[in-house]
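Architecture and fold: a report
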Number of protein chains: 2
Amino acid sequence: MVRARQTKLFAVVMAGGSGTRFWPLSRRARPKQLLSIASRRTMLQDTVARLAPLVPAQRTLVVTGRQHAEAVRRQLPRLPAANILVEPTGRNTAPCIALASEWIDRREPDSTMVVVPADHAIANARAFRRTVSRAVNVAVGTGALVTLGIRPSYAETGYGYIKLGPVLDRCKPAAFRVERFREKPPAAQARRFIGSGHYLWNTGIFVWQTAVIRAMLRRHVSGIVEVVGKLGADLRPSRSMYEKLPAVSIDVAVMEPTATIGGSPLVAVVAAEFDWSDVGSWAALAGLWGRDGDGNAIRGKVIVAETTRTTVLGSRRLVAVLGVSDLVVVDAPDALLVCSVRRAQDVRVIVSELQRRGWREFL
Amino acid sequence: MVRARQTKLFAVVMAGGSGTRFWPLSRRARPKQLLSIASRRTMLQDTVARLAPLVPAQRTLVVTGRQHAEAVRRQLPRLPAANILVEPTGRNTAPCIALASEWIDRREPDSTMVVVPADHAIANARAFRRTVSRAVNVAVGTGALVTLGIRPSYAETGYGYIKLGPVLDRCKPAAFRVERFREKPPAAQARRFIGSGHYLWNTGIFVWQTAVIRAMLRRHVSGIVEVVGKLGADLRPSRSMYEKLPAVSIDVAVMEPTATIGGSPLVAVVAAEFDWSDVGSWAALAGLWGRDGDGNAIRGKVIVAETTRTTVLGSRRLVAVLGVSDLVVVDAPDALLVCSVRRAQDVRVIVSELQRRGWREFL
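Residues numbered from 1 in each chain as written. Chains lettered and ligands numbered in written order. Predicted model: local features only at pLDDT ≥ 70, side-chain atom pairs only at ≥ 80, totals over all residues. Heavy atoms only, no water.

Moving on to the interface of chain A and chain B. Accessible area lost upon the coming together of the parts is a frequently used measure of interface size. Contact residues are listed per partner, giving 37 residues for chain A and 37 residues for chain B. Summed over both partners, the interface of chain A with chain B buries about 3000 Å², with 68% contributed by carbon and sulfur atoms. There are four salt bridges connecting chain A and chain B. The salt bridge partner of Arg 317 of chain A is Asp 331 of chain B, with a shortest N-O separation of 2.7 Å. Every element with two or more residues in the side of chain A that touches chain B is listed here: strand 13 (302–305), strand 15 (318–322), strand 16 (327–331), strand 17 (335–340) and helix 11 (348–357) of chain A. Counting residues per element, the side of chain A that touches chain B draws most heavily on strand 17 of chain A, at six residues. Of the residues in the side of chain A that touches chain B, the class split is 25 nonpolar, two polar and 10 charged. (Contact = heavy atoms within 4.5 Å. Buried area = accessible area lost by both parts, 1.4 Å probe. Salt bridge = Lys/Arg side-chain N within 4 Å of Asp/Glu carboxyl O. Helix = DSSP H or I, 4+ residues; strand = E, 2+ residues; numbered from the N terminus. Nonpolar A, V, L, I, M, F, W, Y, C, P; charged D, E, K, R; others polar.)

Shown next as structure tokens:
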């Protein structure tokens, strides 16, 4: 029997989002990952708790922005202070992962990383951990860059897709070589992807050996590993230094070219066995909360009458809804949103208008 | 030249409504007539101010319920305290008018009354007063019971209609004998009424000599004038006494039988020259406030984007509306209503549900 090599697993929670799509609850100082919209805990707290049985607090990192670091500390009191890495400005995921890999590499020469966004909703934490463990086995056994994929349930145009190559082995959950990454497709193409059965949704959750991703960052993103390597022990980059790093996603910088070139390292995907949502807008909440017989999803002190397919998130006040369909109503202490479900992706229209009017207290 | 007989004009403002149709702003303690929803003043204050050039405060009466008397006093500080008549319980308009006529009769043997609901919106106060003056001339000159009618602009099924008989004279605004009163008609009948040109909307605003209405109340509503006649100088009926009076409207008790019987007194209608609304629901407010180019009517700190035919009444908080049509949004400090314009007449559905749940703080 072959025993897996002993490697320490680190978790990197990417909590850098600014989240205008969840206005009026999300604000500059309180983005989506710091809100408790999917469960009673915040999405960040859920993300860390979901990984905790696999990864202890000492090996869990959170990367976040300056204006959110204090809230992250408050929400995760058990996390060592040194495990919160602060970006002076958001530069997409490649610099974030380079920074985290540097932190891990300085502490542990033989390590594996699971990289997760702080603002995704995952219903079944055990299935999630089973999938991550399987991805760790693939990453350690083959040196692959592994991503988690989701069997698509409809032709979503807001997600990236992964085209499956050959299956890797007979273990479960199934792992495949990635043939190709596809960006958010038009609706007709998304329907073809679904129909073919050869595509998974790309979750943006990654597993790889630290040494492998660092080698790939060195190869594809000029200077990035060297720059973070020169930082002091606290790994706090200056704004001027960080702004010079290319603001590029790890998908575009590393995953896509590596899969396209083929050869080594392998790019693999594990077909996840959990329900997942990137919670892209208020419209996604109904799926997480569950709908009643009329398709309504409700939280708080709310009365709905003769109303269908409507999501209501109440606050301290009573919300009464009568005779409407396909709406989202979100009541924050100082602001209220009434929005068509079909326009829930476009809440930034309101945020832009607030900026235009200079109503900064609502931003 | 014939000079009109000298008669003193008294105004009776009926402010007894409970107004569940304007929830969440209207509450048991704060019915529609005490709210400033049509203009900056409350509807009661507007009603009294509109009459003031015709009727001084000393001859203006307000009839209201016990729980609203204090608010009426606060809203009308110039009105003598004795001019606020308090009903222990609402018994429709006939007992209210009997009580007011008793108050007037004790002070002035030769008087005329104009009776107005406190919760109607009238755009042009001068035209209103011209119409009332004309109705006074008709009432004094002919002894008629006079009602004010409105040329209908569409086939409203929520109003009563008046069928016109022969024109009375050549003065303006035109006055007609009333051939018949018609209750709220079905839609097809309302359309026939409009098409015929022979019908006016019934405003429920009346003008008559005090002696004439008292004679008619004696004739049609057994004992009512005698009962209020036995009250002490303060005219404060007890609940047990008042509850014995028939809870009947002046229309059903007096106007309709008198018009149907014909003969004397004459029942007349003056065709009003002002814009009028009984402000029956939130949907009526857009007409009063005026709509923007997209058909939206807005008050308060509100952003509407890609939204049409929607009425928003903001409170202290920001209200943002995105991508919706035909809605009413009303934001009160402790409760919020989101309602289809088509269901605005049915807001009592919410009030009933609040009663069922025992959420008394919102009633």
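Residues and elements named next belong to chain A. Turning to its location among the elements, Asp 326 is positioned in the loop between strand 15 and strand 16. A polar contact is formed between the side chain of Asp 326 and the side chain of Arg 309, at a distance of 2.8 Å. Once you skip the residues sitting within four places of it in the chain, Asp 326 turns out to touch Thr 308, Arg 309, Thr 310, Cys 339, Ser 340, Val 341 and Arg 342. (Polar contact = N/O pair within 3.5 Å; in protein donor to acceptor, adjacent residues only side chain to side chain.)

Residues and elements named next belong to chain A. Along strand 6 (residues 145–150), six of the six residues are buried, which leaves the element largely enclosed by surrounding structure. Side chains Leu 145, Thr 147 and Gly 149 of strand 6 all project onto a buried face; the interleaved residues Val 146, Leu 148 and Ile 150 project onto the opposite face, where all are buried too. Relative to strand 9 (residues 199–209), strand 6 is paired through four bridges, and the arrangement is antiparallel. Across the sheet, residue Gly 149 finds its bridge partner in strand 9, namely Asn 202. (Buried < 20%, exposed > 50% of the residue type's maximum accessible area, 1.4 Å probe, protein only. Pairing = 2+ DSSP bridges.)

Residues and elements named next belong to chain A. Where helix 1 (residues 43–51) meets helix 4 (residues 125–142), the closest approach of the two axes is 9 Å, and the angle between their N-to-C directions is 60°. Taken together, helix 1 and helix 4 sit at an angle that is classed as oblique. Judged by the twist between their axes, the crossing of helix 1 over helix 4 is right-handed. Seen from helix 1, the contacting residues are Ala 49, Arg 50 and Leu 51; seen from helix 4, they are Ala 125, Phe 128 and Arg 129. The class makeup of the residues in the contact of helix 1 with helix 4 is four nonpolar, no polar and two charged. (Axes fitted to C-alpha atoms, helices over the stretch in contact; angles between N-to-C directions. Parallel < 35°, antiparallel > 145°, perpendicular 65-115°, else oblique. Left-handed = near helix turned anticlockwise from the far one by under 90°.)

Before going further, it helps to examine the confidence of the model for chain A. Detailed reading of predicted coordinates is not advised where the pLDDT is low. A residue-level look at chain A finds 99% of positions with pLDDT of 70 or above and a mean pLDDT of 94. Across the interface, the model reports ipTM at 0.87; the global pTM reads 0.88. (pLDDT = per-residue confidence, 0-100.)

Looking now at helix 3 (residues 93–107) of chain B. Counting along an α-helix, one turn takes 3.6 residues, and residues three or four places apart therefore face a common direction. Residue and element names in this part refer to chain B. If you check helix 3, its first and last C-alpha atoms are 22 Å apart, about what 15 residues at 1.5 Å a residue would give, namely 21 Å. Within helix 3, 12 of the 15 residues are buried, which leaves it mostly tucked inside the rest of the structure. Of the positions making up helix 3, those classed as buried are Thr 93, Ala 94, Pro 95, Cys 96, Ile 97, Ala 98, Leu 99, Ala 100, Ser 101, Glu 102, Trp 103 and Ile 104. (Expected span 1.5 Å × (residues − 1).)

Bringing the sheet that holds strand 14 (residues 311–313) of chain A into the picture now. Whenever strands of a sheet pair, they do so through backbone hydrogen bonds, lying parallel or antiparallel. In space, the six strands of this open sheet follow the order 12(A)-14(A)-16(A)-17(A)-15(B)-13(B), with mixed pairing throughout. On the outer flanks of this sheet lie strand 12 (297–299) of chain A together with strand 13 (302–305) of chain B, each paired with one strand and no other. Within this sheet the neighbouring strands show an average axis-to-axis angle of 5°, counted without direction. Alignment of strand 14 of chain A against strand 16 of chain A, held across three bridges, turns out to be parallel. Bridged to Thr 311 of chain A within strand 16 of chain A is Val 328 of chain A. The strands touched by helix 11 of chain A within the sheet are strand 17 of chain A together with strand 13 and strand 15 (318–322) of chain B, with strand 13 of chain B carrying the most contacts at an inclination of about 130°.

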